[in-house]
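Each chain, letter by letter, is given below.
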Amino acid sequence: MAEEIKTAARTMLGALDGFMSGADLTEAENEAQKAASLAGCFAAAAYEAAPGGGADVHALTRSFLLALIDPADPALDYLRADSASGAVARNAAAQLDKITKS
């Protein structure tokens, strides 16, 4: 498991660095850098919103991991510019899923 985590992190870091250097990315690399960038945005917002004393680091790490898993997670709503936008996105995704699986 530890090696899988390191491999995923290396892949995302390579894609992120490639994007920042202007390299042509594959579709998979572009998706990896987007996921890492979005998770980083949530992490930065969580760090700023936390009270400090260790809670800031926990909030940063937790939000980063949650955003990697699912950027629409309701636990991230407090970090959005419009906290209601998360529910709107989740509802739209559920409706689309329902339509496409019918």
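Note: the structure precedes this text.
Just so it is clear, the model here is predicted, and its values are computed rather than measured.

Undergrad: Requested: an account of helix α3 (residues 55–69), with residues and values cited.
TA: Over its 15 residues, α3 extends 21 Å from the first C-alpha to the last, a length consistent with the 21 Å expected when each residue adds 1.5 Å. Those residues of α3 lying buried are Asp56, Ala59, Ser63, Leu66 and Ala67. In an axial view of α3, the angular spread of the buried residues amounts to 100 degrees, which keeps them on one side of the axis. Turned more than 90 degrees from where α3 packs its buried face, His58 and Ile69 sit exposed. Where α3 is buried, its residues contact α2 (27–49).

Undergrad: Quick one: what's the story with the side chain of Arg80, residue by residue and with numbers?
TA: Within the element layout of this structure, Arg80 appears in the loop between α3 and α4 (84–100). One polar contact links the side chain of Arg80 to the main-chain carbonyl oxygen of Pro71, over a distance of 2.8 Å. A polar atom in the side chain of Arg80 sits 2.7 Å from the side chain of Asp77. Apart from residues no more than four positions distant in its own chain, Arg80 is found in contact with Phe42, Pro71, Ala72, Asp73, Ser85, Gly86 and Arg90.

Undergrad: Can you lay out the pattern of salt bridges for me, pointing to particular residues and giving the numbers?
TA: Within the structure shown, the criterion is met by 5 salt bridges. The closest approach of N and O atoms between Lys6 and Glu3, which form a salt bridge, is 4.0 Å. Taken together, the residues Lys6 and Glu3, both in helix α1 (residues 2–20) and 3 residues apart, mark about one turn of the helix. Measuring nitrogen to oxygen at the nearest pair gives 4.0 Å for the salt bridge that ties Lys34 to Glu31. Highlighted residues: Lys34 and Glu31, both in helix α2, separated by 3 residues, approximately one helical turn. Look at Glu31 and you get partly exposed, because its relative accessible area is 45%. One continuous salt-bridge network, built from bridges that share partners, spans Asp77, Arg80 and Arg90.

Undergrad: Describe in detail the packing of α1 against α2, supporting the description with residues and values.
TA: Interaxial distance between α1 and α2 falls to 8 Å at its minimum, and their mutual angle equals 95 degrees. Taken as axis vectors, α1 and α2 run roughly perpendicular relative to one another. Contact residues: α1 offers Met12, Ala15, Leu16 and Phe19, while α2 offers Glu29, Ala32, Gln33, Ala35, Ala36 and Ser37. Considering only residue class, the contact of α1 with α2 consists of 7 nonpolar, 2 polar and 1 charged.

Undergrad: Lay out the packing of α2 against α3 in plain terms, naming residues and giving numbers.
TA: One can describe the packing of α2 onto α3 by two numbers: an axis separation of 7 Å at closest approach and a directional angle of 150 degrees. When the interaxial angle is binned, α2 and α3 end up roughly antiparallel. The crossing of α2 and α3 is right-handed. Across the interface between the two elements, Ala35, Ala36, Ala39, Gly40, Phe42, Ala43, Ala46 and Tyr47 of α2 pack against Asp56, Val57, Ala59, Leu60, Ser63, Phe64, Ala67 and Leu68 of α3. Split into classes, the residues belonging to the contact of α2 with α3 amount to 13 nonpolar, 2 polar and 1 charged.

Reading the values: rules and limits
Residues numbered from 1 in each chain as written. Predicted model: local features only at pLDDT ≥ 70, side-chain atom pairs only at ≥ 80, totals over all residues. Heavy atoms only, no water. Helix = DSSP H or I, 4+ residues; strand = E, 2+ residues; numbered from the N terminus. Expected span 1.5 Å × (residues − 1). Buried < 20%, exposed > 50% of the residue type's maximum accessible area, 1.4 Å probe, protein only. Arc of directions from axis to C-beta. Contact = heavy atoms within 4.5 Å. Polar contact = N/O pair within 3.5 Å; in protein donor to acceptor, adjacent residues only side chain to side chain. Salt bridge = Lys/Arg side-chain N within 4 Å of Asp/Glu carboxyl O. Axes fitted to C-alpha atoms, helices over the stretch in contact; angles between N-to-C directions. Parallel < 35°, antiparallel > 145°, perpendicular 65-115°, else oblique. Nonpolar A, V, L, I, M, F, W, Y, C, P; charged D, E, K, R; others polar. Left-handed = near helix turned anticlockwise from the far one by under 90°.

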